[in-house]
Amino acid sequence: MPPEPVTKIKTSQPSPYKLTAIHKDTHDTKTFRFELPADATLDMLPGDHLYVHATVNGKTVKRPYTPSSLPGVVGHFDLTVKRYEAGVISKYLHDQQVGDTVQMSGPKTGGHWVDGMAKRAGFVAGGTGITPMISIIRWILTKRLPVELHLIFTNKAEADIIFKDEWERAAREHPNFHCYHVLEQPPAGWKQGTGRITEEILRRHLPPPGPETVVFLCGPPPMVDALEATLKGLGHSEQSIILP
């Protein structure tokens, strides 16, 4: 039997998606699963994003979120969202219940991964800056692409590390995946990075610059600005630094 054709979904106008499950990842981060038709998937590459639309306090607002689920999965997609006190849409999403519908448009093209673009990929993430990278890392590992992956992930405390168990499991099961955590408030006996991401950490834990290397960088804007300049100082070209 030939496989059933898959419908690829992309909308320019906000469309309703039903929330079918909520998983608590950390004390302030949840993964929201939304329903798609059984034979449908989002029309996206790893790292592309959707816009979530809402009316909050009488104002229409929208924010971009990158699905954390594997591109190509049919029947559903996931958004992983950290709740911020000042985050209008993040608070709105965290208030939703299973069965509610949320308006979204897209997917839109972002700084995404294309198979074959590099043999070595670095990922530098601060806090929820990890979310565009989750689907890229999952994609490369699931497809067993011949790519060396190096993740540097900075957070306030160990309890803030989103998908901590998944990173540890990936490092055990995939010799091409390397992960280095940096914590501002490390616990006693912590053996990885402390404080902020430094030039030395980037030099030691990212692949070397070159035509076969790309580096994805995402996090709070001050961090991204500072580290983009540092990466260029280490020899990574502007074209090789991708801001999803």
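Quick notes on the rules
Residues numbered from 1 in each chain as written. Predicted model: local features only at pLDDT ≥ 70, side-chain atom pairs only at ≥ 80, totals over all residues. Heavy atoms only, no water. Helix = DSSP H or I, 4+ residues; strand = E, 2+ residues; numbered from the N terminus. Rg over C-alpha atoms; globule rule 2.2 N^0.38 Å. Buried < 20%, exposed > 50% of the residue type's maximum accessible area, 1.4 Å probe, protein only. Contact = heavy atoms within 4.5 Å. Core = buried A, V, L, I, M, F, W, Y, C linked by side-chain atoms within 4.5 Å. Pairing = 2+ DSSP bridges. Expected span 1.5 Å × (residues − 1). Axes fitted to C-alpha atoms, helices over the stretch in contact; angles between N-to-C directions. Phe/Tyr/Trp six-rings, centres within 6.5 Å; stacked < 30°, edge-to-face > 60°. Lys NZ or Arg CZ within 6 Å of the ring centre and 35° of its normal. Right-handed = clockwise from strand over helix to strand, strands pointing away.

1. With respect to the overall build of the chain
Per the secondary structure count, the chain includes 5 helices and 14 strands. Computed over its C-alpha atoms, the radius of gyration of the chain comes to 18 Å, within 12% of the 18 Å expected for a compact globule of 244 residues. Along the three orthogonal principal directions, the C-alpha set of the chain runs to about 45 × 45 × 30 Å. In the chain, buried positions account for 49% of the 244 residues. Contacts in the chain between residues far apart in sequence, at least 24 positions, make up 72% of those at least 6 positions apart.

2. Examining the nonpolar core
Ranked by internal contacts, the top residues of the largest apolar core, which has 30 residues, are Trp113, Phe123, Ile130, Ile137, Leu149 and Trp167. Of all the secondary-structure elements, those providing two or more residues to this core are β9 (120-126), α2 (131-142), β10 (148-155), α3 (164-173), β11 (177-183) and β13 (213-218). When near neighbours in sequence (up to four residues on either side) are disregarded, Phe123 contacts Met133, Ile136, Ile137, Leu149, His150, Leu151, Ile152, Leu206 and Phe216. Membership of the second largest hydrophobic core comes to 21 residues, among which are Ile9, Phe32, Met44 and Ile89.

3. With respect to the pairing of strand β8 (residues 101-108)
Strand direction decides the pairing type here: strand β2 (residues 11-26) and β8, joined by 5 bridges, are antiparallel. Bridged to Tyr17 within β8 is Val102. Where strand β5 (residues 49-56) and β8 come together, 4 bridges link them in antiparallel fashion. Bridge assignment links His53 to a residue of β8, and that residue is Gln103.

4. So, α2
Compared with the 16 Å implied by 1.5 Å per residue over 12 residues, the 17 Å span of α2 between its first and last C-alpha is a close match. Judged by how many residues are buried, α2 sits mostly within the fold: 11 of 12 residues are covered. Those residues of α2 that sit buried are Thr131, Pro132, Met133, Ile134, Ser135, Ile136, Ile137, Arg138, Trp139, Ile140 and Leu141. Where α2 is buried, its residues touch β7 (76-82), β9, β10, α3, β11 and β13.

5. Some details on the sheet that holds β7
On the basis of which strands lie adjacent, the open sheet formed by 6 strands has the order β6-β5-β8-β2-β3-β7 and antiparallel pairing. Strands with a single pairing partner mark the edges of an open sheet, and in this sheet they are β6 (59-65) and β7. Looking at each pair of strands side by side, their axes are set apart by 40° on average, direction ignored.

6. Structural notes on the packing of aromatic side chains
Aromatic rings considered in pairs are described by the distance between their centres and by the relative angle of their planes. A full pass over the atoms with the stated rule returns 4 aromatic pairs. Counting every residue linked through ring pairs, the aromatic cluster contains Tyr17, Phe34 and Phe77. Lying across the ring of Tyr51, Lys62 places its NZ or CZ 4.4 Å from the centre. Positioned over the ring face of Phe163 is Arg138, at 4.9 Å from the centre of the ring.

7. Points about the pairing of β11
The element β11 is largely enclosed, with a buried count of 5 among its 7 residues. In this sheet, β11 lies alongside β10 in parallel orientation, the contact comprising 7 bridges. Within β11, the residue paired with His150 across the bridge is His178. At this point the chain moves from β10, through α3, to the parallel β11, and the crossover so formed is right-handed. Relative to strand β12 (residues 193-194), β11 runs parallel, the two being bridged by 2 bridges. Each residue of the ladder has a partner; that of Leu183, found in β12, is Thr194.

8. With respect to the side chain of Ser135
Examined against the element boundaries, Ser135 turns out to sit in helix α2. Look past the residues within four positions of Ser135 in its chain and what remains in contact with it is Pro46, Gly47, Thr66, Pro67, Ser68, Ser69, Leu70 and Pro71.

By themselves, these figures tell us nothing about what the structure is for.
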